[in-house]
Amino acid sequence: MQASRARLFKEYKEVQREKAADPDIQLVCDDSNIFKWTALIKGPSETPYEGGVFQLAFAVPEQYPLQPPQVRFLTKIFHPNVHFKTGEICLDILKNAWSPAWTLQSVCRAIIALMAHPEPDSPLNCDSGNLLRSGDIRGYQSMARMYTRLAAMPKKG
């Protein structure tokens, strides 16, 4: 547990130092618990998520970095690899392909990449996955854009 605290503290210092270096990710540590983090990530450009800001919740295990953090979307998102109700993310690096070389910041980067390149063959959101698998790109994009507007964009006025 001491090693994981030291690692998280090091990542915290890096995040503070590099805030301006990665404007697409805003990673914040809970004031009272270094094992709880949140992130705000910007939807990738040229995707239905562009213009949206999505909140993620990180629960970091005491065995970190030997075990991956649990990450989920708090913002509703229509994406084949994200469970619509729970926000659970199906991403190999959060499961069997985890490596201690990954950081919370690089996990955010991988999630942004997944948003831009969904994997419809292993869906947690079957409706979204089925649209892509059947070739209905337009249907998928319009649903994803609609939910981005509803859940991830600031309300006007």
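First things first, this report covers the structure right here in the doc. (Residues numbered from 1 in each chain as written. Predicted model: local features only at pLDDT ≥ 70, side-chain atom pairs only at ≥ 80, totals over all residues. Heavy atoms only, no water.)

## Digging into the overall build of the protein
Then comes step 1: Along its length, the protein carries four helices and four strands.
Then comes step 2: Expected size for 157 residues packed as a compact globule is a radius of gyration near 15 Å; at 16 Å, the protein falls within 12% of this value.
Then comes step 3: Along the first, second and third principal axes, the C-alpha atoms of the protein reach 50 × 40 × 25 Å.
Then comes step 4: Burial analysis of the protein (157 residues in total) assigns 40% to the buried set. (Helix = DSSP H or I, 4+ residues; strand = E, 2+ residues; numbered from the N terminus. Rg over C-alpha atoms; globule rule 2.2 N^0.38 Å. Buried < 20%, exposed > 50% of the residue type's maximum accessible area, 1.4 Å probe, protein only.)

## Notes on the sheet that holds strand S2 (residues 36–42)
Then comes step 1: Spatially, S1-S2-S3-S4 is the arrangement adopted by the four strands of the open sheet, whose pairing is antiparallel. At either margin of the open sheet sits one strand with a lone partner, and together these are strand S1 (25–29) and strand S4 (70–73). Going from strand to strand, the sheet's axes swing by 20° on average, the running direction of each strand aside. (Pairing = 2+ DSSP bridges. Axes fitted to C-alpha atoms, helices over the stretch in contact; angles between N-to-C directions.)

## Overview of the environment of Leu94
Then comes step 1: Position of Leu94 among the secondary structure elements: in the loop between S4 and helix H2 (104–116).
Then comes step 2: Leu94 gets classed as buried once you look at its relative accessible area, which sits at 9%.
Then comes step 3: Residues Leu94 and His83 lie 11 residues apart in sequence; the distance between their C-alpha atoms is 14 Å.
Then comes step 4: With residues near it in sequence (within four places) discarded, Leu94 still touches Pro68, Pro69, Val71, Ile89 and Val107. (Contact = heavy atoms within 4.5 Å.)

## Here we look at helix H3 (residues 126–133)
Then comes step 1: Burial in H3 covers these residues: Ser128, Gly129 and Leu132. Around the axis of H3, the buried residues are gathered within 95° of arc, so they sit on the same side.
Then comes step 2: In this fold, the buried residues of H3 make contact with helix H4 (137–152).
Then comes step 3: Note on H3: the residue one or two positions beyond its end, Gly135, has a positive phi of about 90°. (Arc of directions from axis to C-beta.)

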